[in-house]
Amino acid sequence: SRNLFLATVAFAVAFGGWSLIAPRGKRFQDDLDLTNTRTLMLTAVPVVLGSLLRIPVGALTDRLGGRVMFPVVLVVSAVPALIFGFVEGYAALIVVGFFLGIAGSSFAVGVPFVAGWYAKERQGFALGVYGMGNIGTAIAAFAAPTIVDWLGREALGILTAVLLLATALV
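Residues numbered from 1 in each chain as written. Predicted model: local features only at pLDDT ≥ 70, side-chain atom pairs only at ≥ 80, totals over all residues. Heavy atoms only, no water.

### Quick look at the side chain of R153
Thought 1: Structurally, R153 is set in helix 9 (residues 153-169).
Thought 2: Of the polar contacts made by the side chain of R153, one reaches the backbone oxygen of F84; its length is 2.6 Å.
Thought 3: In this view, R153 contacts F28, F84, G85, V87, E88, L93 and V148; residues no more than four positions away in its chain are not counted. (Helix = DSSP H or I, 4+ residues; strand = E, 2+ residues; numbered from the N terminus. Polar contact = N/O pair within 3.5 Å; in protein donor to acceptor, adjacent residues only side chain to side chain. Contact = heavy atoms within 4.5 Å.)

Structure follows, in structure tokens:
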């Protein structure tokens, strides 16, 4: 139960980091004078990369195990999260979004990791609990704009990176 709880929290934190750009999409569109297509591209890049990276990250999880891969994904994701707070311009945000996609691959770490702790008849329950980590995207959607309005985008990047690193440590 403790490991399931920790994996679910790690998944939520990773998905929060994965979702840093989308809640700010309209603001980026206005600030950078982006077309709807460019804004869509900006918000889609982390999603697409996160989905594609699930294949190699899942394979690495099968080989190295979730206990190794979860902290690796969280630590590596902290770097673009931190940089997110300081970059300016469309191209820089696209690059940061590309690397934020790494956090989206966390789904592929947790599924085999969590399922392995439970007998077949309990795996559905465990994966359902783990899936609640998707709430990280909703938390980011609500919290990110508020943090930026109060403290600035730099603070959002720093706070997210610290949270990712702290979660990796735990």
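### Section: helix 7 (residues 120-131)
Thought 1: Here helix 7 contains twelve residues, and its C-alpha end-to-end distance of 17 Å stays within 8% of the 16 Å for a straight helix at 1.5 Å per residue.
Thought 2: What helix 7 keeps buried is the set A126, V129 and Y130. Looking straight down helix 7, one finds its buried side chains confined to an arc of 95°; they lie on one side. Set apart from the buried face of helix 7 by more than 90 degrees, the exposed residues are E121 and G124.
Thought 3: Of the surrounding secondary structure, the elements contacted by the buried residues of helix 7 are helix 1 (2-18), helix 4 (66-84) and helix 6 (106-115). (Expected span 1.5 Å × (residues − 1). Buried < 20%, exposed > 50% of the residue type's maximum accessible area, 1.4 Å probe, protein only. Arc of directions from axis to C-beta.)

### Examining the pattern of salt bridges
Thought 1: As enumerated under the stated definition, the model contains three salt bridges in all.
Thought 2: Residue D30 pairs with K26 through a salt bridge whose shortest N-O separation is 3.1 Å. Pair noted here: D30 and K26 are both in helix 2 (residues 25-32), with a separation of four residues, about one helical turn.
Thought 3: Among the ionic pairs, R153 bridges to E88, the shortest N-O distance being 3.6 Å. (Salt bridge = Lys/Arg side-chain N within 4 Å of Asp/Glu carboxyl O.)

### Quick notes on the packing of helix 6 against helix 7
Thought 1: Across the interface, helix 6 lies against helix 7 with an axial gap of 9 Å and an inter-helix angle of 150°. Comparing the axis directions of helix 6 and helix 7 gives the class roughly antiparallel. Relative to helix 7, helix 6 is oriented so that their crossing is right-handed. Each of S106, F107, G110, V111, V114 and A115 in helix 6 lies in contact with helix 7, whose residues at this interface are Q123, A126, L127 and Y130.
Thought 2: Looking at the contact of helix 6 with helix 7 residue by residue, the classes come out as seven nonpolar, three polar and no charged. (Axes fitted to C-alpha atoms, helices over the stretch in contact; angles between N-to-C directions. Parallel < 35°, antiparallel > 145°, perpendicular 65-115°, else oblique. Left-handed = near helix turned anticlockwise from the far one by under 90°. Nonpolar A, V, L, I, M, F, W, Y, C, P; charged D, E, K, R; others polar.)

### Side note on the packing of aromatic side chains
Thought 1: The full count for this structure, using the stated rule, is eight aromatic pairs.
Thought 2: Between F70 and F113, the ring centres sit 6.4 Å apart and the planes meet at 65°, which makes this aromatic pair edge-to-face. In this pair, F70 sits in helix 4 while F113 sits in helix 6, placing the two residues 43 residues apart along the sequence.
Thought 3: For F113, a relative accessible area of 17% corresponds to the buried category.
Thought 4: Ring centres of F98 and F99 lie 5.2 Å apart, and the angle between their planes is 85°; on these two criteria the pair is classed as edge-to-face.
Thought 5: By relative accessible area, which is 38% here, F98 ends up partly exposed.
Thought 6: The exposure class of F99 is partly exposed, given its relative accessible area of 40%.
Thought 7: Members of the aromatic cluster, connected to one another through ring pairs, are F11, F15, W18, F107 and Y130.
Thought 8: In this structure, R38 packs its charged tip against the face of Y90, placed 3.9 Å from the ring centre. (Phe/Tyr/Trp six-rings, centres within 6.5 Å; stacked < 30°, edge-to-face > 60°. Lys NZ or Arg CZ within 6 Å of the ring centre and 35° of its normal.)

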